[in-house]
Amino acid sequence: MSTLPFPPTLEWLGDRLRLLDQTRLPAEETYLETRDVASLCDAIKRLVVRGAPAIGCAGAYGVLIAAREARANAGACGTAKPVNWRERFEDLCAQVETSRPTAVNLGWAVERCRARARALLEAGRPIDAIEAALEAEARAIHEEDKAMCEAIGRHGAGLLPRGQATLMTHCNAGALATGGSGTALAVMYAALAQGTKLAVFADETRPLLQGARLTAWELARAGIDVTVICDNMAASVMRARKPDAVIVGADRIAANGDTANKIGTYGLAILAKHHGVPFYVAAPSSTFDLSLADGSGIPIEERARTEISQPQGKLNVPENAGVYNPAFDVTPAELIAAIVTEKGVLRAPYREAIAQTVRP
Ligand code: MRU
């Protein structure tokens, strides 16, 4: 599993962050390098880097970039006045943290790194020592994410039939969406490594086509039989092909198990319930938000109308018609057969399972 045939989704190169530009896949494999907060935030907003754990990792490196940028703004290393550095640093961190609202991993990672910087500043450590600590913290978050993906894969593969399985997924919850091998797709990679032959139906995932462009690219490269379907084909495919499971990722999971994921996930969960197909969510601990009692408090990102009205620049919706473009929806916990985490497989009642397992 650790030798998947993909280039790294993101990579810290010592003075800059290199991102595989996901807006250009599958047509082009190109990279974007960022060393300032404005371009990193722009990359996160435009989905150059996307997927909850991946933007968490990008956010962690973003705090390091913020520290370096604050030093450059405040003056040479060692001569910067900590108060100026701190104001600038805090402002830049806030920009990174708010660049996308729904995936809790972003705020989680920024807060973890920022708290480390604040503690070192309070202890009177110089700025260059804080930067070294932030680099170590960001690399640690990235490494932990890889390990969580592997563990999710191992736990999730146990839910699938051995030998042969037909699956459905939505959006992209693979290597491209994490610092490692993925969440939902890590389960598939682990099953493949165990010798299970997989056939996967990937929803195209309107409007930005993460399923068609990214999941199909990943699975085909990994040697998995993948078939892209339009989102509105899911019901008839489910009835005709009776998949063994639906597996998706998550952007934020509330304390009761309600799960925000890419728009369309909720509908797929309802279809799975109707057809008696188990609906699994795969996500690391960093995707849980225990401050929210249920999914009603999850902030849902609304994106530009042009993603729907003018894909690839071609006018598809008349200018005088409204467009509604929420990027995520919330699947109620009662539709979820299990949540696969790096710590094991959680079953209902989720409130208890999550409280005991995720952050005991
Ligand atoms: O808008 P995106 O592409 O960032 O949305 C991503 C998803 O909804 C994924 O399913 C989710 O982040 C899980 S990633 C392992």
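Right, let's walk through the structure included here. All values reported here derive from a predicted model rather than from experimental measurement.

Calculation notes
- Residues numbered from 1 in each chain as written.
- Predicted model: local features only at pLDDT ≥ 70, side-chain atom pairs only at ≥ 80, totals over all residues.
- Heavy atoms only, no water.
- Helix = DSSP H or I, 4+ residues; strand = E, 2+ residues; numbered from the N terminus.
- Contact = heavy atoms within 4.5 Å.
- Near = heavy atom within 4 Å.
- Polar contact = N/O pair within 3.5 Å; in protein donor to acceptor, adjacent residues only side chain to side chain.
- Areas by Shrake-Rupley, 256 points an atom, 1.4 Å probe, with all protein chains shown as cover.
- 1 Å grid on protein atoms, 1.4 Å probe; cavity = no way out; pocket = protein on both sides within 12 Å on 5 of 7 lines; lining within 4 Å.
- Sits in = over half its atoms within 2 Å of the grid points.
- Salt bridge = Lys/Arg side-chain N within 4 Å of Asp/Glu carboxyl O.
- Buried < 20%, exposed > 50% of the residue type's maximum accessible area, 1.4 Å probe, protein only.
- Points joined across faces, edges and corners; volume = space filled by probe spheres on them.
- Domains from an automatic or database assignment.
- Axes fitted to C-alpha atoms, helices over the stretch in contact; angles between N-to-C directions.
- Parallel < 35°, antiparallel > 145°, perpendicular 65-115°, else oblique.
- Left-handed = near helix turned anticlockwise from the far one by under 90°.

So, about the environment of Ile298. Structurally, Ile298 is set in the loop between β11 (288–289) and α10 (306–309). Between the C-alpha atoms of Ile298 and Tyr266, which are 32 residues apart in sequence, the distance is 14 Å. The residues contacting Ile298, other than those within four sequence positions of it, are Thr102, Arg252, Asp258, Ala260, Leu292 and Val330.

On to the site of the ligand, then. By nearness alone, 18 residues border the ligand, and Arg50, Arg100, Asp251, Asn261 and Lys262 come closest of all. Contacts to the ligand include Arg50, whose side-chain N or O atom sits 2.7 Å from an oxygen atom. Contact with the protein chains removes 99% of the 420 Å² of surface that the ligand exposes when unbound. With respect to the pocket detection grid, the ligand is positioned in the largest cavity. Broken down by secondary-structure element, the contributors of at least two residues to the shell around the ligand are α2 (52–74) and β9 (259–262).

Here we take up the pattern of salt bridges. Under the definition given, this model contains 25 salt bridges. Between Glu29 and Arg221 there is a salt bridge, with its nearest N and O atoms 2.4 Å apart. Highlighted residues: Glu29 in the loop between β2 (17–20) and β3 (31–34) and Arg221 in helix α7 (residues 210–221), separated in sequence by 192 residues. Accessibility expressed as a relative area gives 38% for Glu29, which makes it partly exposed. Note that Glu143 is salt-bridged to Lys146, the shortest N-O span being 3.2 Å. A residue pair is termed a helical-turn pair when its members lie 3 or 4 positions apart in one helix, as Glu143 and Lys146 do in helix α5 (residues 127–157) at three residues. Among the residues examined, Glu143 registers a relative accessible area of 44% and is labelled partly exposed. Look at the salt bridges and you will find they share partners, linking Asp15, Arg16, Glu33 and Arg35 into a network.

Glancing now at empty space enclosed by the protein. Empty space among the atoms can be located by rolling a probe the size of a water molecule over them. This structure, assessed with the given rule, holds four cavities of 30 Å³ or more. There is about 190 Å³ of room inside the largest cavity. Along the wall of the largest cavity there are 23 residues; nearest its centre are Arg50, Gly51, Ala52, Asn172 and Asp251. Elements supplying a minimum of two residues to the lining of the largest cavity: α2 and β9. The residues that make up the lining of the largest cavity include at least three from each of domain 1 (10–149) and domain 2 (152–357).

The next thing to look at is the packing of helix α6 (residues 184–193) against α7. Where α6 contacts α7, the axes come no closer than 11 Å and their chain directions differ by 15 degrees. Taken together, the axes of α6 and α7 lie roughly parallel to each other. Judged by the twist between their axes, the crossing of α6 over α7 is right-handed. In this structure, α6 uses Leu185, Met188 and Tyr189 to contact α7, whose residues at the interface are Thr215, Glu218 and Leu219.

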